Amino acid sequence: MIQEYEPEATRRHAGDTESSRASRGWWDRNADEYQSEHGAFLGDDRFVWGPEGLDEAEAGLLGDVAGRDVLEIGAGAAQCSRWLAARGARPVALDLSHRQLQHALRIGADVPLVEADAGALPFRDGSFDLACSAYGAVPFVADPVRVFREVRRVLRPGGRWVFSVTHPIRWAFPDEPGPEGLSLSASYFDRTPYVEQDENGDAVYVEHHRTLGDRVRDVVAGGFRLVDLVEPEWPAWNTQEWGGWSPLRGNLIPGTAIFVCERA
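Residues numbered from 1 in each chain as written. Predicted model: local features only at pLDDT ≥ 70, side-chain atom pairs only at ≥ 80, totals over all residues. Heavy atoms only, no water.

Asker: I'd like a rundown of the overall build of the protein chain, residues and numbers included.
Answerer: Of the regular secondary structure elements, the protein chain holds seven helices and ten strands. What you see for the protein chain is a C-alpha radius of gyration of 18 Å, in line with the 18 Å of a compact globule of 264 residues. Across the 264 residues of the protein chain, 53% fall into the buried class. Partitioning the intrachain contacts of the protein chain with sequence separation of at least 6 by distance along the chain shows that 71% fall at a separation of at least 24. Accessible surface, the protein chain as shown: approximately 12,200 Å² in total, 50% of it carbon and sulfur. Taken as two groups, the 27 positive and 42 negative side-chain charges of the protein chain have centres that lie 8 Å from each other. (Helix = DSSP H or I, 4+ residues; strand = E, 2+ residues; numbered from the N terminus. Rg over C-alpha atoms; globule rule 2.2 N^0.38 Å. Buried < 20%, exposed > 50% of the residue type's maximum accessible area, 1.4 Å probe, protein only. Contact = heavy atoms within 4.5 Å. Areas by Shrake-Rupley, 256 points an atom, 1.4 Å probe, with all protein chains shown as cover. Lys, Arg positive; Asp, Glu negative; His and termini not counted. Charge placed at Lys NZ, Arg CZ, Asp CG, Glu CD.)

Here it is as structure tokens:
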């Protein structure tokens, strides 16, 4: 019997092309499992910024969305876009993964879906009032400034760009939800990407680390002004574990960073 090869986890360089190819393949292969495991928490039309469960209905980081053209990047099954549409916005849900967008169709809703890379947005200049991304695209790209500049291009003057990513401090700890995930295991300053690769050495999953300072400088280099940096605290109602996120860790260290930016 032929055994499936288990990807090897390593830290090594991975450029734009390899990262994009790996992300598309990984999400196409894992979209079904992801939506099955996390779909109930995400809801069909809920806007959740991260595993802590901070809801846009509570946070209001995008401001008043009624009547606004909104681009959601890394939309997955377009849960956030449906929430936006229900509040009078005109959202467009964009994702790199064809399979993720098929789940958007499965759930249903009259939201335009676009399959494209965040580093090459297929829209005219000044097409949107707002752009948002809940853990979409930004953690997985080698050149985030390129993405930010594309987002700036398609935003109108004064447009807001809000995105959430894994909090940079979490890279210094093991990706474990229990006590073993509370001891430092790596340098916070080691920016070498985390890569899972196949038997040929080709990346099948890539995630890129940027320090908090790196993220701020990237935002500015992308043509934005940082308005706020939100670090959601773990709420008492949330008892779930999601990868390395858990109530134990969430009460001690931040797991998510949300950057609220405006087009400069």
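Back to the write-up after that little detour.
Asker: Describe the nonpolar core, and please don't skip the residues or the numbers.
Answerer: Ranked by size, the top nonpolar core spans 27 residues in total, and within it Leu71, Ile73, Phe123, Val151, Trp161 and Phe163 carry the most contacts. Those elements that place two or more of their residues in this core are β2 (69-73), β3 (90-95), β5 (128-134), α5 (144-154), β6 (155-166) and β10 (256-263). Setting aside residues up to four positions removed in sequence, Trp161 forms contacts with Ile73, Ala131, Cys132, Ser133, Val138, Phe148, Val151, Leu155, Phe224, Phe259, Val260 and Cys261. (Core = buried A, V, L, I, M, F, W, Y, C linked by side-chain atoms within 4.5 Å.)

Asker: Tell me about the state of the cysteines, and please be specific about residues and values.
Answerer: In this structure the tally under the stated criterion is zero disulfides. You can see Cys80 has no disulfide; the closest cysteine sulfur is in Cys132, sitting 6.4 Å from it. Judged by its relative accessible area of 8%, Cys80 is buried. (Disulfide = S-S within 2.5 Å.)

Asker: Before we move on, could you go through the sheet that holds strand β1 (residues 8-11) and cite the residues and values that matter?
Answerer: Across the sheet, which stays open at both edges, the three strands sit in the order β1-β7-β8 with antiparallel pairing between neighbours. One side of each edge strand has no neighbouring strand; the edge strands of this open sheet are β1 and β8 (203-207). If you compare each strand with its neighbour and ignore which way they point, the axes differ by 20° on average. As judged from the four bridges shared by β1 and strand β7 (residues 194-197), these two strands associate in the antiparallel manner. Across the sheet, the residue bridging to Glu8 is Gln197, located in β7. (Pairing = 2+ DSSP bridges. Axes fitted to C-alpha atoms, helices over the stretch in contact; angles between N-to-C directions.)

Asker: Tell me about helix α3 (residues 79-86), and please be specific about residues and values.
Answerer: Counting buried residues in α3 gives six out of eight residues, a clear majority hidden from the surface. Within the sequence span of α3, burial applies to Gln79, Cys80, Ser81, Arg82, Trp83 and Leu84. The secondary structure elements touched by the buried residues of α3 are α1 (16-42), α2 (56-59), β2, β3, α4 (98-107) and β5. Residue Gly88 follows α3 closely and has a positive phi angle near 90°.

Structural measurements only, silent on function.
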